[in-house]
Amino acid sequence: MSVCDLFRVLDLAARRGETAVVIRVIDGGRSYIDALVGGKPLLGLVPREVAEAAVALKKPGERAEFKVGNLVIYAEAVLVRPTLIVFGFGEIARRVSEVAAAAGLNVASLGHEAPGVFYKGPASDLKRLVSEGSAVVVANEGGRPEDVDAVETALRSGAGYVALLASQKRAALVIKELENRGVPRDVIKERLRAPAGLDIGAKTAGEIAVSIVAEVIMYFRGGTGRPMREVKNPFDVIAEVKGEDLSRYKCEWRPPRAV
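Keep in mind that what you see is a predicted model, and the values were worked out from it rather than measured.

Chemist: What exactly am I supposed to notice about the packing of helix α5 (residues 146–156) against helix α6 (residues 168–180) here?
Modeler: Angle between the axes and distance between the axes are the two parameters that describe a pair of packed helices. Their axes nearest at 10 Å, the elements α5 and α6 cross at an angle of 60°. Here α6 runs oblique to α5, going by the angle between their axes. Seen from above, α5 lies across α6 with right-handed handedness. Judged by residue contacts, Asp147, Val148, Val151, Glu152 and Leu155 of α5 engage Arg170, Val174, Glu177 and Leu178 from α6. For the contact of α5 with α6, the per-class residue count stands at 5 nonpolar, no polar and 4 charged.

Given below as C-alpha cells:
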C-alpha cells in the first residue's frame, strides 16, 4: 500500500468516526506493527485470527495483551485523526499545513512543503486523494488560475468541506465561474467555505492559518465557534463546587492517543 493509498484509508476511517486498533505483533525474534480500521488491517500484516481477537477493543485507551498460537499481541484502541488536504503554493498554504499538522491532523500538502505532514505531493495529486466527505483547503494568496479547477475537483468529488482563501469579491467571482461550469448553487452553498476561516481578526499568514484550521476542526468535531466561556460558563456551576477544595480536586481526563 502506497502512502497515498494509506492517506485515503485514514481519510475514510476518520470520516466514519471510527477508532483504530494499533497492534504490535511479536513473532519469535521479530516484531511488526499494523492498525485495524473497521476490523481490517491497514497494511495487511496482521493475520486474520489476530484481527478477529483484537476487534473487541472499541474505546480509545482500551488495551489488551494476548497470544494467538506462537504470536504475542499487544493492542490498543486509539482515535483516528481527521485528514486534511491543503492545496497551494505560497506561505499561507504552508502555514495551514504546519498548523494543522501541529494540531494533530493527518495532512496532505500539495504544491508546497511543510514540517510534520503525513503526505507531500504535487498539486496534480488532488484528484487521487480527494473523495466523498474529504476536507480540502485551497490557499493561494492573491489567487491563482488553478484555484477554481481545484475547488471544482473537490466539489465534484464529493468533498464535504472545501475552503477557499479569497476576498469577498473574489469568492463571489469564483462562485459565478463554478455555476458557469455547471456546479449547482445549492452544492456550492452547502460545502464551499469562502472566504475561508473564522473571524478572529487574523492579519498575518500564521494568524490566517489558525483561523482556517480552527474552522476545519469545528467542521470535524461539530463545534459552534463560540467562546468556551460561553459554552461552559464556570459561573453556572459556582454553587455546585461550594465546599470543594481545589487542591484535592482531580480531573481524570487525558487526551486520547490518535493515529
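Chemist: When you look at the pairing of strand β7 (residues 106–110) in this model, what are you seeing that I'm missing?
Modeler: Here is the key point about a regular strand: its side chains alternate between the two faces of the sheet. A large share of β7 lies buried, amounting to 5 of its 5 residues. Pairing geometry for strand β6 (residues 83–87) and β7, over 5 bridges, is parallel. Residue pairing in the sheet places Leu84 in a bridge with Val107 of β7. The β-α-β motif built from β6, the intervening helix α3 (residues 91–102) and the parallel element β7 has right-handed crossover chirality.

What counts as what
Residues numbered from 1 in each chain as written. Predicted model: local features only at pLDDT ≥ 70, side-chain atom pairs only at ≥ 80, totals over all residues. Heavy atoms only, no water. Axes fitted to C-alpha atoms, helices over the stretch in contact; angles between N-to-C directions. Helix = DSSP H or I, 4+ residues; strand = E, 2+ residues; numbered from the N terminus. Parallel < 35°, antiparallel > 145°, perpendicular 65-115°, else oblique. Left-handed = near helix turned anticlockwise from the far one by under 90°. Contact = heavy atoms within 4.5 Å. Nonpolar A, V, L, I, M, F, W, Y, C, P; charged D, E, K, R; others polar. Buried < 20%, exposed > 50% of the residue type's maximum accessible area, 1.4 Å probe, protein only. Pairing = 2+ DSSP bridges. Right-handed = clockwise from strand over helix to strand, strands pointing away.

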